[in-house]
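# Secondary and tertiary structure notes
Single-letter residue listing:
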Amino acid sequence: MRLLLVNPKCPESYWSFKWAVDTVLPDIRTTTPPLGLATLAALCPESWEVTIVDENVESVPLAPSADVIGICGMGVQFARQRELLTFYRKKGYFVVAGGSYASLCPELYDSLADTVVAGEAEYIWREFCRDVAIGKPKKLYRETGVVSLTDSPAPRFDLLDLTKYQTVSLQFSRGCPFRCEFCDIIVMFGRKPRTKSLEQVRKELDLLRAANVRNAFFVDDNFIGNKRAAKELLRFLRDYQREHDYRFRFGTEASLNLAHDDELLALFREAEFAWVFIGIESPDEDSLRETRKFQNTRQDILSSVRHIYSYGIDVLGGFIVGFDHDTIDTFERQYQLITTSGIQTAMVGLLTAVPKTPLYERLAKEGRLVADWNSSDNTQLGTNVIPKQMGYDEMVSRYQTLQHRLVTHRNIADRIKNKIRYLTKPPVKSVMTPREQLRIFVRLVVGALLPGGIGRLFQFFRSLAFARPRLIPVVVEDWIVGLSMRDYAERHYVAPVERAREPARGYLRSFEKAFRHYVHEGALEISFDEVRHAAANLSISMKGWLDRRFFTRAARHLEQVLEGTTSCITLHIEELHETQRRHLKRLLDRLSRYGDRVHVAVREELRGIIEIDSSVFNLVLDF
Ligand code: SF4
């Protein structure tokens, strides 16, 4: 049996750190590998030939040699997952849908997949493998019981090119004892944390060590959901590294009550955890109570963050605006909290209701869901939640302003200053060699600090002036994160969509004017669609002979559209002569920086001569 497992491309978000990946870390393609697929591969019978394609780092194959194709996905990947399922199914492949979104909403996949795997895979995937081998796969495999993580095999890391990822994920536990109203984790994994054995973790660490991985991310829902088990694991991790004289740089996700347990914090330090992501959500106690995030109300948030810093552990934070108790003043308080806490990786999102969560059910009853909003990325300029104490447009516009205020050079420097005042010597020395560190530093200086002008340079040196020598890597890292978020904000929060259409129409008019000659000859067709709540789309169909001059000028015009608006571009390649290939390639190279907003549709007969990297551009499959 030949099985192909595909992780669809994630739309770009704050989490992608695209600027950092493109400018400073050129060997890396994305942040984390698809751990779920590597685990699924390990659950397959040994005789199966399994391949994993992660579309975030490589192009999907259009005619793979496979008997079964499994496609996973989170909510943000649903659109691409649906496209891939439909494409492969139409070509006659047997397709299986899985992942967290299929687990939450299996009914959405009824007409898309031959089989849907909903829920934790450890038992039901093995059952599917048995059934498909005898030719009797069922339509739905749904896990309704409790999965023991001791039955989870070590992921097949060997099927992934781990050098393409900034950090490699592994998992110790699933589930979280808390009950935040917006959270889908507890809907999927329950409130009783389950853990793997230390022997299982040892095996996974051995595999990562053999692959020379240093940055390791425990993607647990809440690493300290079961504190006793977490402490036991931390002691084990500390001893493991000493025993093997091998340093990992660990990171994880945990709840804020981590700050209230000094023994736990000391163990985090001894086990060499460099950072922890914490859902802080709001500076307002009423909003925290409303969303049942009581664990964040028990101690002052700022002191808790600083207490974690005092153990040398960096804090990354999640923040939400749009709770029922939030007013327009909340935006200023969020700004103050984020700035004063010094959290550089501050993921601020609009409250978004994920289907099946208590929040979704409540808002549905109250008639407060936006029907035609279907993105689960909560960092977009919109959400499916109608706020209570402010207008929808006002909330979105204030959110946009907040994001811009957080990425000024001054704010990036202020946050570094506010952090390193409390951050003690980190437990882990850099896992990079001095040569690698120097390379990154030079790229930061040449690729970002010098071109950023005197203001950026001044703020960089201002933040550096406060740092003790051991903290200089933290300053450099925070500038990479800060500039990455700045780049994202500049490209994605250009203007609310409605207003962005005006300049987009202007660009379209100038584009039409510049290329009128080709349109008259029938070699080109240009149109412009506007979609509510979405960026406008400039569509260009290449239908005949286009000379070299066209490609050069089109690249310049299209770059202007992408730089100056939030619009997307779709290139329909209906005809292309062999000799035009290299001109098209040059055009695409210039647009690749904006690849997430460029859709490329290639007529089936031309797919053999034009290769479009679907990990860079949105390759339209239904064309
Ligand atoms: S602490 Fe985090 S994982 Fe736990 S319920 Fe709240 S949001 Fe979900």
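Right above here is the structure, for reference.
Reference entry: report on the structure contained in this document. Throughout, a residue's number is its position along its own chain's written sequence, starting from 1. In keeping with the predicted nature of the model, local features appear solely for residues at pLDDT of at least 70, side-chain atom pairs appear and are counted solely at 80 or more, and the whole-chain, interface and lining totals rest on all residues. As a rule here, side-chain values cover all heavy atoms of the structure and leave hydrogens and water aside.

In terms of regular secondary structure, the protein chain is built from 22 helices and 19 strands. Taken against the 2.2 N^0.38 rule, which gives 25 Å for 623 residues, the C-alpha radius of gyration of the protein chain at 25 Å falls within 12% of a compact globule. Reported as C-alpha extents along the three principal axes, the dimensions of the protein chain are approximately 75 × 65 × 55 Å. When accessible area is computed with a 1.4 Å probe and restricted to protein chains, residues below 20% of their type maximum are described as buried, those above 50% as exposed, and intermediate ones as partly exposed. Taken across its 623 residues, the protein chain has 57% of its residues classed as buried. We count a stretch as a helix when DSSP gives it H or I for four or more residues in a row; a strand needs E for two or more, and each element gets its number in order from the N terminus. Our radius of gyration looks at C-alpha atoms and nothing else; its globule reference is 2.2 Å times the residue count to the power 0.38.

Now for the site of the ligand. We call a residue near a molecule or strand whenever a single non-hydrogen atom of that residue lies within 4 Å of it. As a structural note, the neighbourhood of the ligand is formed by Cys176, Phe178, Cys180, Phe182, Cys183, Asp221, Lys293 and Gln295. Of the residues contributing to the shell around the ligand, the split by class is 5 nonpolar, 1 polar and 2 charged. Gly falls in the polar group here, along with every residue not listed as nonpolar (Ala, Val, Leu, Ile, Met, Phe, Trp, Tyr, Cys, Pro) or charged (Asp, Glu, Lys, Arg).

Before going further, it helps to spend a moment on the packing of aromatic side chains. Any aromatic ring pair is given by two values, namely how distant the centres are and how the planes are angled relative to each other. Put simply, two rings from Phe, Tyr or Trp (the six-membered ring, in Trp's case) pair if the centres are within 6.5 Å, and we call them stacked under 30 degrees between planes, edge-to-face over 60, tilted for the rest. Overall, the coordinates contain 32 aromatic pairs when judged by the stated rule. Consider the rings of Trp15 and Phe277, whose centres lie 5.5 Å apart with planes at 55°: the pair is tilted. Here Trp15, found in the loop between strand S1 (2-7) and helix H1 (18-23), pairs with Phe277, found in strand S12 (residues 273-281); they are 262 residues apart in sequence, far enough to count as distant. Consider the rings of Tyr246 and Phe248, whose centres lie 5.0 Å apart with planes at 65°: the pair is edge-to-face. Relative accessible area serves as the criterion here: at 0%, Phe248 is assigned to the buried category. Taken together, the ring pairs connect Phe172, Phe218, Phe223, Tyr246, Phe248, Phe250, Phe268 and Phe273 into an aromatic cluster. Think of it as a cone above the ring: NZ of Lys or CZ of Arg counts as a charge over the ring if it is within 6 Å of the ring centre and within 35 degrees of the ring normal. A cation over an aromatic ring shows up here: Arg214 above the ring of Tyr246, its NZ or CZ 3.9 Å from the ring centre. Positioned above the aromatic ring of Tyr335, the side-chain terminus of Arg405 is 3.7 Å from the ring centre.

Pairing is mixed across the open sheet formed by 5 strands, whose spatial order is S15-S16-S17-S18-S19. Only two strands of the sheet have a single neighbouring strand rather than two, namely strand S15 (524-529) and strand S19 (618-620). Neighbour-to-neighbour, the strand axes of the sheet open up by a mean angle of 20°, direction not taken into account. Each of S15, strand S16 (537-542), strand S17 (568-573) and strand S18 (598-602) touches helix H21 (residues 548-564); the most contacted strand, S16, lies at about 170° to it. Contacts: residue pairs with any heavy atoms within 4.5 Å of one another. Note on geometry: axes are lines fitted to C-alpha atoms, helical ones only across the stretch in contact, with angles between N-to-C directions running from 0 to 180 degrees. Each of S16, S17 and S18 is contacted by helix H22 (residues 581-591), which is oriented at about 165° to S17, the strand it contacts most. Pairing between strands is defined by DSSP: at least two bridges between them are needed.

This part is about the packing of helix H7 (residues 198-210) against helix H8 (residues 227-244). To describe two helices that pack against each other, one gives the angle between their axes and the distance between the axes. Taken N-terminus to C-terminus, the directions of H7 and H8 make an angle of 40°; their axes are 11 Å apart at the nearest point. Classified by the angle their axes make, H7 and H8 are oblique. The two elements H7 and H8 cross, and the hand of that crossing is right-handed. Judged by residue contacts, Leu198, Val201, Arg202, Leu205, Asp206 and Arg209 of H7 engage Glu232, Leu233, Phe236, Leu237, Tyr240, Glu243 and His244 from H8. In terms of residue class, the contact of H7 with H8 is made up of 7 nonpolar, 1 polar and 5 charged. Geometric relationships in this document are graded by angle, where less than 35 degrees denotes roughly parallel, more than 145 denotes roughly antiparallel, 65 to 115 denotes roughly perpendicular, and other angles denote oblique. Handedness of a helix crossing follows the sense of rotation of the near helix relative to the far helix, less than a right angle counterclockwise being left-handed and clockwise being right-handed.

The next thing to look at is unusual backbone geometry. Although it is not a glycine, Asp245 adopts a positive phi angle of roughly 45°. For Asp245, the position within the fold is in the loop between H8 and strand S11 (249-254). Looking at Asp245, the relative accessible area reads 65%, which means it is exposed. One non-glycine residue with positive phi stands out, namely Arg292, at about 65°. Along the chain, Arg292 falls in the loop between helix H10 (285-290) and helix H11 (301-309).

This brings us to the layout of surface pockets. Reported here for the second largest pocket is a volume of approximately 350 Å³. Put plainly, a pocket is an open set of points on a 1 Å grid over the protein atoms alone with protein on both sides within 12 Å along at least five of seven lines, a cavity is a set where a 1.4 Å probe fits but cannot get out, and a lining residue has an atom within 4 Å of a point. In terms of lining, the second largest pocket is formed by 16 residues, of which the most central are Lys585, Leu588, Ile610, Glu611 and Ile612. Taken together, the residues of the lining of the second largest pocket break down into 8 nonpolar, 2 polar and 6 charged. Grid points are joined across faces, edges and corners, and a volume is the space filled by probe spheres set on the points.

Relative to the helices and strands, Glu272 resides in the loop between helix H9 (262-270) and S12. A relative accessible area of 12% places Glu272 in the buried class. A polar atom in the side chain of Glu272 sits 3.2 Å from the side chain of Arg247. Once residues within four sequence positions are removed from consideration, Glu272 is found in contact with Gln241, Arg247, Phe248, Arg249, Phe250, Pro427 and Val428. Pairs of N or O atoms are called polar contacts if they sit within 3.5 Å, as long as, within protein, a hydrogen donor faces a hydrogen acceptor (for residues adjacent in sequence, only side-chain-to-side-chain pairs).

Another point: the sheet that holds S12. Strand order in this open sheet of 6 strands is S7-S10-S11-S12-S13-S14, and the pairing throughout is parallel. Each of the sheet's edge strands pairs with one partner strand only, and the pair in question is strand S7 (168-170) and strand S14 (346-350). Taking each pair of neighbouring strands and ignoring which way they run, the sheet shows an average axis angle of 20°. Pairing analysis gives 4 bridges linking strand S10 (residues 215-218) to S11, with the strands arranged parallel.

Given a helix with a known number of residues, its expected span is that number minus one, times 1.5 Å. If you check H7, its first and last C-alpha atoms are 18 Å apart, about what 13 residues at 1.5 Å a residue would give, namely 18 Å. All of the buried residues in H7 are Gln200, Val201, Glu204, Leu205 and Leu208. For H7, the angular spread of buried residues about the axis comes to 135°, placing them on one side. Looking at H7, the residues exposed on the side facing more than 90 degrees away from the buried face are Glu199, Lys203 and Ala210. Close packing links the buried residues of H7 with S7, H8 and S11. As used here, the arc belongs to the directions running from the helix axis to the C-beta atoms.

So, on to the packing of helix H12 (residues 329-341) against helix H14 (residues 392-405). At their nearest, the axes of H12 and H14 sit 10 Å apart, and the two run at 20° to each other. The orientation of H12 relative to H14 falls into the category roughly parallel. Read as a crossing pair, H12 and H14 show a hand that is right-handed. Within the contact between the two elements, H12 uses Phe331, Glu332, Gln334 and Tyr335 and H14 uses Met395, Arg398, Tyr399, Leu402 and Arg405.

Bringing the nonpolar core into the picture now. Trp125, Leu237 and Leu444 are the most contacted members of the largest nonpolar core, which has 131 residues in total. One finds Ile71, Leu85, Phe87 and Val602 within the second-largest nonpolar core, a separate group that totals 63 residues. Within this scheme, the nonpolar core is defined by two criteria: the residues are buried Ala, Val, Leu, Ile, Met, Phe, Trp, Tyr or Cys, and they are joined through side-chain atoms within 4.5 Å.

With that settled, consider the pattern of salt bridges. Whenever Lys or Arg places a side-chain nitrogen within 4 Å of a carboxyl oxygen from Asp or Glu, that contact is recorded as a salt bridge. Tallying each qualifying case throughout the model produces 49 salt bridges. We note a salt bridge from Asp161 to Lys164, for which the minimum N-O separation is 3.1 Å. Across the salt bridge formed by Asp589 and Lys585, the nearest N and O atoms sit 3.2 Å from each other. Taken together, the residues Asp589 and Lys585, both in helix H22 and 4 residues apart, mark about one turn of the helix.

Our next topic: the pairing of S11. Most of S11 is tucked away, with 5 of its 6 residues classed as buried. Sheet topology note: the S11/S12 ladder contains 5 bridges and is parallel. Bridge assignment links Thr252 to a residue of S12, and that residue is Val276. Note that the unit made of S11, H9 and S12 has a crossover that is right-handed. Crossover handedness is defined here as right-handed if the route from the first strand over the helix to the second strand goes clockwise, with the strands pointing away from the viewer.

Over its 13 residues, helix H5 (residues 121-133) runs 17 Å from end to end, which matches the ideal 18 Å to within 8%, given 1.5 Å per residue. Positive phi appears at Gly135, one or two residues downstream of H5, with a value of about 75°.

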